[in-house]
Amino acid sequence: MKKQKFNWLLDAAILLAFLVSFFINLTGLAIHQWLGVAVFLGIMVHLVNHWDWVKSVASRFFGKTSGRSRVYALLDGLLLYGFVMIIETGLVISTWFNLNITNYEVWLEIHIYSSIVTLLLAVLKVGLHWRWIVKTAAKIFNRTPTLTPQVLTAAPQASAVSRRDFLVTMGLVGLGSALAISNVIPSLNKAEASSSLAQNTDGSATPAATQTQPTAAATQTQAATSISSESSTAVPNATTQPTALPTASVAQNSQVCYTTCPKRRHCSFPGDCRRYSDSDGNGLCDLGECS
């Protein structure tokens, strides 16, 4: 029974920490990163505690075993894969390594999508194991589960649980998950918008730079023609030569602006790096904006 209580408390702590990690605007980036590591370590401890079951089901997965065991094994495998994706992408975009990646928004989107899908899988796992969750919780907190009328008349000593316990359990987990997912949706939308903006900026910078050379050449040709002909239009033609310089400088600025940002992108969420600032309030970091 002690092992059952330990597993229940461990799983509850993992789920609670996972839910809290979705509220990065409340915890801050540092606590968010440490929560991610703590959740992954908790998953590893959970896996070690259930290793005998894992080996048993894996050895008989395509042989003689129940369909429920196969479903549980597949679900657990997907959950493990989801947490691996979360920790991998989280480390890539974390401030611990401060990697100079050019596709930061893509990694951030994968991180958020992986977190959402993994949370939904965790809710499904809770729904499949709700009876064990309620019964073990009743023993831990010395609470008697709600018994159904049939159980009361037929077998008073039984420890069955009612539909109300299921609704309460899934209601609490579902509400917490819904709030967590809704809290990261704005960050996901900003990351997608920043990714599109960065792609458009990178795509428009090259044509602008290539167009400046013909413009400068044409301007020099016009200036040479005007000087040789000594016409009255020499002054207007000569003044057209500097028009290529602003175009070139704008193109150059659009490429250089990324060098001031550690992520080399338009960071769109507070806490993406230690140098994040948004003085103009447009949802983009000042260090990654092009003037």
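As the structure is a computational prediction, the values presented were derived from the model and not from experiment.

1. Observations concerning the overall build of the protein
No. 1: When you go through the protein residue by residue, the secondary structure sums to eleven helices and zero strands.
No. 2: Along the protein, helices (α) and strands (β) appear in the sequence α-α-α-α-α-α-α-α-α-α-α when read from the amino end.
No. 3: With 291 residues in all, the protein has 37% of them scored as buried.
No. 4: Intrachain contacts of the protein at a sequence separation of at least 6 include 66% that bridge at least 24 residues.
No. 5: A total of about 16,900 Å² of accessible surface is found on the protein, and carbon and sulfur atoms cover 66% of it.

2. Structural notes on the packing of helix H1 (residues 2-20) against helix H6 (residues 104-128)
When two helices pack together, their arrangement is given by the angle between their axes and by how far apart the axes lie.
No. 1: Between H1 and H6, whose axes approach to 12 Å, the crossing angle comes to 150°. When the axes of H1 and H6 are compared, the crossing they make is left-handed. Of the residues in H6, those touching H1 at Leu15, Phe18 and Leu19 are Ser115, Thr118, Leu119 and Val126.
No. 2: Counted by class, the contact of H1 with H6 contains five nonpolar, two polar and no charged residues.

3. Quick notes on the side chain of serine 114
No. 1: Its place among the elements puts serine 114 in helix H6.
No. 2: Polar contacts involving the side chain of serine 114 include one to the main-chain carbonyl oxygen of isoleucine 110, which spans 2.7 Å.
No. 3: If sequence neighbours within four positions are ignored, serine 114 has contacts with Gly82, Met85 and Ile86.

4. Describing a positive patch on the surface
No. 1: Where like charges cluster on the molecular surface, the positive patch consists of Lys2, Lys5, Arg131, Lys135 and Lys139.
No. 2: Elements with a contribution of two residues or more to the positive patch: H1 and helix H7 (130-140).
No. 3: If you tally residues by element for the positive patch, the top one is H7, at three residues.
No. 4: Relative to the assigned elements, lysine 2 resides in helix H1.
No. 5: On the basis of relative accessibility, which here comes to 76%, the residue lysine 2 falls in the exposed class.

5. Observations concerning helix H3 (residues 29-49)
No. 1: The end-to-end C-alpha separation of H3 is 31 Å, in line with the 30 Å expected for 21 residues at 1.5 Å each.
No. 2: Summarising the contacts, the buried residues of H3 are in contact with H1, helix H2 (24-27), helix H5 (67-92) and H6.

6. A few points about the nonpolar core
No. 1: Ranked by size, the top nonpolar core spans 36 residues in total, and within it Phe18, Phe22, Val39, Phe83 and Leu119 carry the most contacts.
No. 2: Those elements that place two or more of their residues in this core are H1, H3, H5, H6, H7 and helix H9 (163-229).
No. 3: Here the element with the most residues in this core is H6; it accounts for nine residues.
No. 4: When sequence neighbours within four positions are dropped, the list of residues in contact with phenylalanine 83 reads Phe18, Val39, Phe40, Ile43 and Thr118.
No. 5: Core analysis: the second largest hydrophobic core is formed by five residues, Cys261, Tyr276, Cys285 and Leu287 among them.

7. Topic: the packing of aromatic side chains
No. 1: Evaluation of the coordinates by the stated rule reveals six aromatic pairs.
No. 2: With 5.8 Å between their ring centres and 75° between their planes, tryptophan 8 and phenylalanine 141 make a pair best called edge-to-face. Placement of tryptophan 8 in helix H1 and of phenylalanine 141 in the loop between H7 and helix H8 (149-154) is noted, with a sequence separation of 133 residues between them.
No. 3: Since its relative accessible area comes to 54%, phenylalanine 141 is described here as exposed.
No. 4: Considering the side-chain rings of phenylalanine 61 and phenylalanine 62, the 5.0 Å spacing of their centres and the 80° angle between planes classify their relative orientation as edge-to-face.

Criteria and thresholds
Numbering of residues starts from 1 in each chain and follows the order in which that chain's sequence is written. Local features in a predicted model are, by the rule used here, given only for residues with pLDDT of at least 70; side-chain atom pairs are given and counted only at 80 or more, and totals for whole chains, interfaces and linings are based on all residues. Side-chain metrics in this entry use all non-hydrogen atoms of the structure; hydrogen atoms and water are not considered. Starting at the N terminus, helices and strands are each numbered in turn, a helix being any DSSP run of H or I of at least four residues and a strand any DSSP run of E of at least two. Buried residues are those whose accessible area, probed at 1.4 Å on protein chains only, stays under 20% of the maximum for their type, while exposed residues exceed 50% and partly exposed ones sit between those limits. We call two residues contacting when some pair of their heavy atoms lies within 4.5 Å. Shrake-Rupley sampling with a 1.4 Å probe provides the accessible areas, and residues are treated as covered by the protein chains on show and by no other component. Orientation is described by lines fitted to C-alpha atoms, with helices fitted over the stretch in contact, and by angles between N-to-C directions that extend from 0 to 180 degrees. Note on convention: the crossing is left-handed when the near helix lies turned anticlockwise from the far helix by less than a right angle, right-handed when the turn is clockwise. Residues are grouped as follows: Ala, Val, Leu, Ile, Met, Phe, Trp, Tyr, Cys and Pro are nonpolar; Asp, Glu, Lys and Arg are charged; all remaining types, including Gly, are polar. Any N or O atom pair separated by 3.5 Å or less is treated as a polar contact, with the protein-specific requirement of one donor-capable and one acceptor-capable atom, and with residues adjacent in sequence counted only for side-chain atom pairs. In this scheme, patches are assembled from residues that exceed 30% relative accessible area and form no salt bridge. Like charges are connected within 9 Å, while nonpolar side chains (Val, Leu, Ile, Met, Phe, Trp, Tyr) are connected within 5 Å. Salt bridges are counted wherever a side-chain nitrogen of Lys or Arg sits within 4 Å of a carboxyl oxygen of Asp or Glu. The charge count treats Lys and Arg as positive and Asp and Glu as negative. His and the chain ends do not count. Here the site of a charge means atom NZ of a Lys, CZ of an Arg, CG of an Asp or CD of a Glu. For a helix, the expected span equals 1.5 Å multiplied by the number of residues minus one. Each nonpolar core is a collection of buried residues, namely Ala, Val, Leu, Ile, Met, Phe, Trp, Tyr and Cys, held together in the definition by side-chain atoms within 4.5 Å. Two aromatic rings, drawn from Phe, Tyr or Trp (for Trp, its six-membered ring), form a pair once their centres lie within 6.5 Å of each other, and the interplanar angle then sorts them: stacked below 30 degrees, edge-to-face above 60, tilted otherwise.

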